[in-house]
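Next come the chains, spelled out residue by residue.
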Amino acid sequence: MASRRSVDPAKTRAAVAALVQWLRDESVPAPTRTELADAVRLTARTLAATAPGSSVEVRVPPFVAVQCISGPAHRRGTPPNVVETDPRTWLLLATGLLEVSDAVAGGALQLSGSRAGEIAQWLPVVSADGQCVR
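Think of each chain on its own: its residues are numbered from 1, step by step along the sequence as written. pLDDT decides what is reported in this predicted model: residues at 70 or higher carry local features, side-chain atom pairs at 80 or more are listed and counted, and totals for whole chains, interfaces and linings draw on all residues regardless. As a rule here, side-chain values come from all non-hydrogen atoms in the structure, and water together with hydrogens is ignored.

Visitor: Any chance you could explain the overall build of the protein chain here in plain terms?
Guide: Working definition: helices are DSSP H or I runs of at least four residues, strands are E runs of at least two. Numbering for both runs from the N terminus. Looking only at helices and strands, the protein chain has 5 helices and 4 strands in total. When a residue's accessible area, from a 1.4 Å probe over protein chains only, is under 20% of the maximum for its type it is buried; when over 50% it is exposed; and in between it is partly exposed. Of all 134 residues assigned to the protein chain, the portion counted as buried reaches 46%. Considering only contacts within the protein chain whose residues lie at least 6 apart along the sequence, 59% involve residues at least 24 apart. Accessible areas in this description were obtained via Shrake-Rupley with a 1.4 Å probe; residue shielding takes into account the shown protein chains only. Carbon and sulfur atoms make up 50% of the accessible area of the protein chain, which totals about 6,800 Å². Residues count as neighbours in contact if any of their non-hydrogen atoms are within 4.5 Å of one another.

Structure follows, in structure tokens:
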């Protein structure tokens, strides 16, 4: 699990801005792995900072897993509340270009556990135009 580091909002905005055209249009050349990893990690860590806690684990393989949302803490084994998706879907959710309910309905987002759906209350963390939401 990544440590809870403070996230620089300017770095988060810049990381998202570097690939927002690709998020809006898949025909645009994909970002580099480094650009994608930076944007995923920074937005996930921003979520963890704005929704502190450890009752829900958000996984975006292969780049990051963070715990967030206050409530009963989970420390060992498989967490009871897990949110998991791919990097592009995560960034669409993190920027508000995709709603949690639509991602779940489309099969791009997996929620397990009674509290995993609470993630919707904390998204987006940054707008597609690069402004921090929270």
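Visitor: Looking at this structure, I do not really get the side chain of T95. What am I missing?
Guide: By secondary structure assignment, the location of T95 is in the loop between α4 (87-94) and α5 (100-105). Polar contacts, as counted here, are pairs of nitrogen or oxygen atoms within 3.5 Å of one another; within protein the pair requires one atom able to donate a hydrogen and one able to accept it, and residues that are adjacent in sequence qualify only if both atoms are side-chain atoms. Within the local environment of T95, its side chain forms a polar contact with the backbone oxygen of L91, the two atoms lying 2.8 Å apart. Here L92 takes part through its backbone oxygen, which lies 3.3 Å from a polar atom of the side chain of T95.

Visitor: Help me out: how do you make sense of the pattern of salt bridges in this one?
Guide: Working definition: two side chains of opposite charge can pair if their charged atoms are close together. Whenever a carboxyl oxygen of Asp or Glu lies within 4 Å of a side-chain nitrogen of Lys or Arg, that contact is scored as a salt bridge. Taken as a whole, this structure holds 4 salt bridges when the rule is applied. A salt bridge links E118 to R115, with the shortest nitrogen-to-oxygen separation between them at 2.8 Å. On the accessibility criterion, E118 (23% relative accessible area) is partly exposed. When salt bridges with common partners are traced through the structure, they connect E57, R59 and E84 into a single cluster.

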